[in-house]
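Analysis of the macromolecular model
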Amino acid sequence: MDVTHARHEGDITSDVLSFIHDAVLLQETVAAVLGVKSLPKQTGNDTQSNNDQNGLNISGIYVDATFGRGGHSRLLLSQLADDATLIVFDKDPTAISVAQELASKDSRVRVVHDSFATLTDSLAAMGITQVDGLMADLGISSPQIDDGSRGFSFMRDGAVDMRMDTSRGQSVAEWLEQVDDETLANVLYEFGEERHSRRIARAIKQMESYESTLELAEVIKEAHPNWQRGKHPATQSFQAMRIFINNELGDVDDFLAQSIPILKSGGQLAVISFHSLEDRRIKQFLQRHSKGQYPEDENLPMPPNRPRYFSKPKRVGPSKAETSQNPRARSAWLRMATRTDTAYEQTTQL
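In this text, all values refer to a predicted model and were calculated from it rather than measured experimentally.

1. So, the sheet that holds strand β7 (residues 263-273)
Read from one edge to the other, the open sheet built from seven strands follows the order β5-β4-β3-β6-β7-β9-β8, with strand pairing classed as mixed. Only two strands of the sheet have a single neighbouring strand rather than two, namely β5 (109-113) and β8 (314-316). Neighbouring strand axes in the sheet, compared pairwise and without regard to direction, differ in orientation by 15° on average. As paired strands, strand β4 (residues 85-90) and β5 are joined by five bridges and run parallel to one another. Bridge pairing in β5 links phenylalanine 89 to valine 112.

2. Observations concerning the side chain of serine 197
Of note, serine 197 is situated in helix α8 (residues 197-205). Given the relative accessible area of 6%, serine 197 is considered buried.

3. Some details on unusual backbone geometry
Positive phi, normally seen in glycine, also occurs at leucine 25, with a value near 50°. Relative to the assigned elements, leucine 25 resides in the loop between β2 (18-20) and α1 (26-34). Accessibility expressed as a relative area gives 0% for leucine 25, which makes it buried. Backbone geometry at glutamate 193 places phi at a positive 50°, although glycine is not the residue there. The topology assignment puts glutamate 193 in the loop between α7 (181-192) and α8. For glutamate 193, a relative accessible area of 36% puts it in the partly exposed group.

Criteria and thresholds
Residues numbered from 1 in each chain as written. Predicted model: local features only at pLDDT ≥ 70, side-chain atom pairs only at ≥ 80, totals over all residues. Heavy atoms only, no water. Pairing = 2+ DSSP bridges. Helix = DSSP H or I, 4+ residues; strand = E, 2+ residues; numbered from the N terminus. Axes fitted to C-alpha atoms, helices over the stretch in contact; angles between N-to-C directions. Buried < 20%, exposed > 50% of the residue type's maximum accessible area, 1.4 Å probe, protein only.

The structure is reproduced here in structure tokens:
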């Protein structure tokens, strides 16, 4: 998630925004994906210049699985050698426009307009079977939240869309027209951890239309019996519908599974998450494949010897200075691990 302050740029097409970047856990994530403790101190004003003389000048193939507005990618590029390659993925057409602008100026960058769940197939189409580092910044970006027309915000009015990729798939409004009360309630509970899901689902289904995010948020607000101080009552329901319509958790699971065969021995995995549903998945995945201990083996008299694909994982949160500057970074966690030299077994249950 790029936590950003938006501004219009006159030299970019009217459909594309350029952003001043303040990406969450920026230095920590780029250092992690490069396998170094910290990055060299910058001496100039431009910390993300491709020609920075203080860069590490590291070769290899790297993937930014969630380009966003390119905060992490730009800093990573400043540390890479001229012969390195950076492949960037994103579902969002606006993010892809920004990525293509970057690629037009830096020949090391290659752009994929698709989910990171297509990692293996998309890389194979480029003739790439393994990479040196993978980084992903999960969830929704600030530009997406701040653009009311995208439908992610319950504070700004817009169409009830919520698709990451507006060029394909079903919008939340279209889904709400078709879904039944029980299925909607289950989605609100499973993906939003909303305790009052059934009551809220009934209220949503009584709406005459789903054309306005503010109207939808107001209906949820009126149906919600217990407001948490400092938190809008529609927060969890909007999160649930967004995660569901974009298959966010399924894509995360697919991406993590593919990281094992895609990463070279010694390759680095670095993933930022912003809520417990994502973080729990990453934590359990890395624990399972660093310890070689699977939950389904616990009650077996002789557990099988599972492969250990990752070193002991580490977790880093934002500093007080960062959360003070960017309040949206408060819930962020970066989990990282190094790929071991254990050969990938195709039959492994991931």
